[in-house]
Amino acid sequence: MIKCPNCGGELKYNVNDKVVKCDHCGSTFNPDEQIAKTKTAEENTGYQGKVYNCTQCGANLMTFDETAITFCSYCGSQAMLESKMIQQTNPDFIIPFTIDKDKCVKKFKDKVNKSVFVPNYMKSDLVVEKFRGIYIPYCIYKLGFKGVDKEKGEKYSHRSGDYQYYDQFSVEFNVDAKYEGFSYDLASKFYDKYSEAIPFNEEEKKPFNANYMLGYYADAKDVDSNIYLNLAIEEANADYKKRLLATKEASQYGCSTASIKFDNIDQKVGMFPLYFLAIRSKNQKNINYAVVNGQTGELVTELPVSYTKYLIGSLIMSVIIFLLINSFLVLTPHEVCFAAIIVAMIGMAINYVQAHALTKREKNGDDLGLQFINKGSTEKYKHPYFGFVIAVISMLIPVLILAMNPVHDYYYYGASAIALGLMLLNFYNIVKKHNELVSTKLPQLEKRGGDESA
Ligand SMILES: [Zn+2]
Ligand SMILES: [Zn+2]
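These figures come from a predicted structure and were not determined experimentally. (Residues numbered from 1 in each chain as written. Chains lettered and ligands numbered in written order. Predicted model: local features only at pLDDT ≥ 70, side-chain atom pairs only at ≥ 80, totals over all residues. Heavy atoms only, no water.)

Caption draft 1: Representation of the nonpolar core within the structure. Residues Leu11, Phe108, Phe131, Tyr135, Met213, Met271 and Tyr275 are the most contacted members of the largest nonpolar core, which totals 40 residues. Discounting residues that sit within four places of it in the chain, Met213 has contacts with Tyr47, Phe64, Ile94, Tyr135, Phe208, Ala218 and Met271. (Core = buried A, V, L, I, M, F, W, Y, C linked by side-chain atoms within 4.5 Å. Buried < 20%, exposed > 50% of the residue type's maximum accessible area, 1.4 Å probe, protein only. Contact = heavy atoms within 4.5 Å.)

Caption draft 2: Seen up close, the domain arrangement of the chain. Each assigned domain of the chain is listed with its residue range as follows: domain 1 (101-301) and domain 2 (307-437). Its C-alpha centre places domain 1 at a distance of 34 Å from the equivalent point of domain 2. (Domains from an automatic or database assignment.)

Caption draft 3: How the structure looks around the pairing of strand β12 (residues 264-280). Most of β12 is tucked away: twelve of the 17 residues are buried. Bridge count between strand β7 (residues 93-94) and β12: two bridges; the pairing is parallel. The residue bridging Phe93 from the neighbouring strand is Gly270, located in β12. Relative to β12, strand β8 (residues 132-160) runs antiparallel, the two sharing 13 bridges. (Helix = DSSP H or I, 4+ residues; strand = E, 2+ residues; numbered from the N terminus. Pairing = 2+ DSSP bridges.)

Caption draft 4: Broad picture of the coordination of the zinc ion (ligand 2). In the first shell of the zinc ion (ligand 2), the protein supplies Cys54 (SG), Cys57 (SG), Cys72 (SG) and Cys75 (SG), at 2.3 Å from the metal. Geometry at the zinc ion (ligand 2) is tetrahedral, judged from the four donor atoms that bind it and their angles of 101 to 113° at the metal. Each donor residue of the zinc ion (ligand 2) lies on one chain, and together they are spaced C-x2-C-x14-C-x2-C. Remark: Cys72 occurs in the loop between β5 (60-63) and β6 (80-89) and Cys57 occurs in the loop between β4 (46-54) and β5; sequence separation between them is 15 residues. Each member of the pair, Cys57 as well as Cys72, carries the same accessibility label: buried. (Donors = N, O, S within 2.8 Å, 3.2 Å for Na, K, Ca; no water. Tetrahedral: all angles 85-135°; square planar, octahedral: opposite > 155°, others 65-115°.)

Caption draft 5: Structural detail: the packing of aromatic side chains. Throughout the structure, instances matching the rule amount to 25 aromatic pairs. Considering the side-chain rings of Tyr179 and Phe262, the 5.9 Å spacing of their centres and the 85° angle between planes classify their relative orientation as edge-to-face. Taken as a pair, Tyr179 in strand β9 (residues 163-185) and Phe262 in the loop between α6 (248-252) and β12 lie far apart in primary sequence, 83 residues in all. Residue Phe262 is classed as buried on the basis of its relative accessible area, which comes to 9%. Here Lys130 stacks its cationic end above the ring of Phe71, 4.9 Å away from the centre of that ring. For the cation-ring pair, Lys205 lies above Phe93, with the distance from its terminal atom to the ring centre recorded as 4.6 Å. (Phe/Tyr/Trp six-rings, centres within 6.5 Å; stacked < 30°, edge-to-face > 60°. Lys NZ or Arg CZ within 6 Å of the ring centre and 35° of its normal.)

Caption draft 6: Region of interest: the packing of helix α10 (residues 386-404) against helix α11 (residues 409-437). Relative orientation of the contacting elements α10 and α11 amounts to 170°, with a least axis distance of 9 Å. In terms of axis orientation, α10 runs roughly antiparallel to α11. Counting all contacts with α10, which are made through Phe386, Gly387, Ile390, Ala391, Ile393, Ser394, Ile397, Pro398, Ile401 and Leu402, the residues of α11 involved are Tyr411, Tyr412, Ala415, Ile418, Ala419, Leu422, Met423, Leu425, Asn426 and Asn429. Its residues assigned to classes, the contact of α10 with α11 comprises 16 nonpolar, four polar and no charged. (Axes fitted to C-alpha atoms, helices over the stretch in contact; angles between N-to-C directions. Parallel < 35°, antiparallel > 145°, perpendicular 65-115°, else oblique. Nonpolar A, V, L, I, M, F, W, Y, C, P; charged D, E, K, R; others polar.)

The following block contains the structure:
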């Protein structure tokens, strides 16, 4: 840990003045220069920090001053164990914070205040105060290939009797390809879907200097940087294929595939700045995340829906729609049944998509870093298709009545009423699933498993 050389006080990086400032005597220092003489040669190749371990989610967060970490930025737990000082090897790059916490908080508040159905607890100042600036390790890839790419092509030539003749070509392309800007976060607690949503401008990266981290937290990297290499290669090759097949030559000789084996692969690690906020739901079972890019100020968050607010909103909308329809059109009992079927089918579609997404996420199918950490986990997950079944039943009732074609109107109205009643139950289910999808289960509860899914 670096202290103020003038008074021994706490040093913090100041985003707005772009200097390192002493809390105590107010001295300022240029972060790009060495502030204090280092004692050992080791400190030139690494940085020191105090590690705090979260007993609930297992996150390892580091600090570089005397401020104790009192809650976990990833799960909001207050059970943080102070661990020892550790030495980390220096990454290659760092992107310093350029957005201060006030701007970050304002960005989040603007978003929440615009969202009508968001529950009130998300808007509390106490919650928003818990935004923390964290440096997250990212892996940065550069890929290159210079050489010959041999591809096969096929083109229709002519027809003779019952036979069609094709010409086959062997085509050689001289390629000089360079790919840059593939970066992936190496923190397993930080979901890929968020890191993908708020990309960094890597041109502003600087050679690593721990001075920029003073006053912030940092995540101690726990994911092997190699796991994203194949993904980077895949993405680069997909782009290469698209570009090559778009050339005149490729279409002239009927090429349909293209891929290269990158021979120049450069892999670097950088620390990237983020503001992180984990908000626990009222029942303490789920967490919603808000993440702000500390360089660009971009916000990514998925907000839950308050069922009460949603129901009131829907009722007001229904009354307006009913009055509008009623003023120029009278529905026959058959048409009412059809309308109920259409509503039920929309419900079925939404339920199916949600259930599918939930199942996929439960298997960590959407996060490579998490798969890496959780591999070997054999826990079974129950399919959340309950809502889908309800929607199917609410569709079948009016279908059945239409098929039976009874004489009395009240059969049709009755069937539609039951169907719509079931749909109301289903809407509750849809909101509940939405809230599950935009949040994450608290990690320790997840490990225990079973009991809370009932
Ligand atoms: Zn000082
Ligand atoms: Zn935690």
